[in-house]
Amino acid sequence: DHMQEMARVTGLPPGPNMKELGEMPWHFIKSSRSTVVGPNSKVKVPHYSKMLDWEIELAVVIGKTCSQVSAKDAMKYVAGYTIANDLSARDAMRRPKNPPTSPFHMDWIGQKCFDGACPLGPWIVPADQVKDPHQLAMKLWVNDELMQDSNTNLLIFNIAEQIEALSQRITLHPGDLVLTGTPSGVGLARKLFLKPGDRLKLWIEQVGELNHTMVA
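What comes next is a walk through the structure. Every value quoted in this text rests on a predicted model; they were computed, and no experiment measured them.

**Some words on helix α5 (residues 159-167)**
For α5, a buried count of 7 out of 9 residues is recorded, marking the element as mostly surrounded by other parts of the structure. In the core, the buried residues of α5 are packed alongside β4 (56-62), α3 (71-74), β5 (78-85) and β10 (177-179). Measuring from the side-chain oxygen of the N-cap residue of α5 to the backbone nitrogen of Ala160 gives 3.1 Å; that N-cap residue is Asn158.

In structure tokens, the structure reads:
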């Protein structure tokens, strides 16, 4: 539903999605040391962004070294689950001086990878304590207003498929995180963005509640 939401915002057709086209899952990378911050953190709004957006995501914690595994075996490599906010600077999404056909048109570092860009926590729930990670309600509030209200059953690519795809390209190690994707309800669709003083609460069924605030 987030893919359809973004298609509406950008004026693109709503489908088919990458799985329907026979493509692999698509990921970007957040640098761990600079971006990951814990629960109750005070996250600075990037100085270059006035369109900072929220994205609740189920985060998968890898428990064993994982290389070129099949989807059939992939869940054996999951240690547990936590909650992530994939903060995104929407006004750093594109480089307007490069045409849309240019491979340098999109700026995934500026948009997704800045100090504090990945609030995470509040703990890791062991995988065997989560009955079905593909049937978890998930909600995000900004200043007590519910913005995202969805379920992990809407993932286009399930967790096993994502691990399979990633492990074909890089070796995943214990402690690596896979953020699995966000549902609809992001700020871009509402033309509403985060500002200093905003309070965020993220909740995923069977996992817990993550809180953090935005500061200048």
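**Topic: unusual backbone geometry**
Across the junction of Gly121 and Pro122, the peptide omega takes the value 5°, indicating a cis bond. Along the polypeptide, Pro122 turns up in strand β7 (residues 118-126). A positive phi is found at Asn143, a non-glycine position, where the angle reads about 50°. Checked against the element boundaries, Asn143 lands in the loop between β8 (137-142) and β9 (145-151). Relative accessible area serves as the criterion here: at 30%, Asn143 is assigned to the partly exposed category. Of note in this structure, Gln206 is not a glycine but carries a positive phi near 70°.

**Some words on the side chain of Asn151**
Checked against the element boundaries, Asn151 lands in strand β9. Note on Asn151: relative accessible area 18%, which makes it buried. Looking at Asn151, its side chain comes within polar contact range of the main-chain nitrogen of Asn153, at 2.9 Å. Every residue in contact with Asn151, bar those within four places of it in the chain, is listed here: His134, Gln135, Leu136, Ala137 and Met138.

Each value, and the rule that gives it
- Here the residue numbers are simple positions, counted from 1 along each chain's written sequence.
- Given that this is a predicted model, residues contribute local features only at a pLDDT of at least 70 and side-chain atom pairs are listed and counted only at 80 or more, while totals for whole chains, interfaces and linings are drawn from all residues.
- Calculation of side-chain values draws on the structure's entire complement of heavy atoms; hydrogens and water are dropped beforehand.
- Burial classes: relative accessible area under 20% of the type maximum marks a residue as buried, over 50% as exposed, and values in between as partly exposed (1.4 Å probe, protein chains only).
- Numbering of helices and strands runs from the N terminus, with a helix taken as a DSSP run of H or I at least four residues long and a strand as a DSSP run of E at least two residues long.
- Pairs of residues are marked as contacts when any of their non-hydrogen atoms sit within 4.5 Å.
- Polar contacts here mean pairs of N or O atoms no more than 3.5 Å apart (in protein, one a potential hydrogen donor and the other a potential acceptor; neighbouring residues in sequence count only if both atoms are side-chain atoms).

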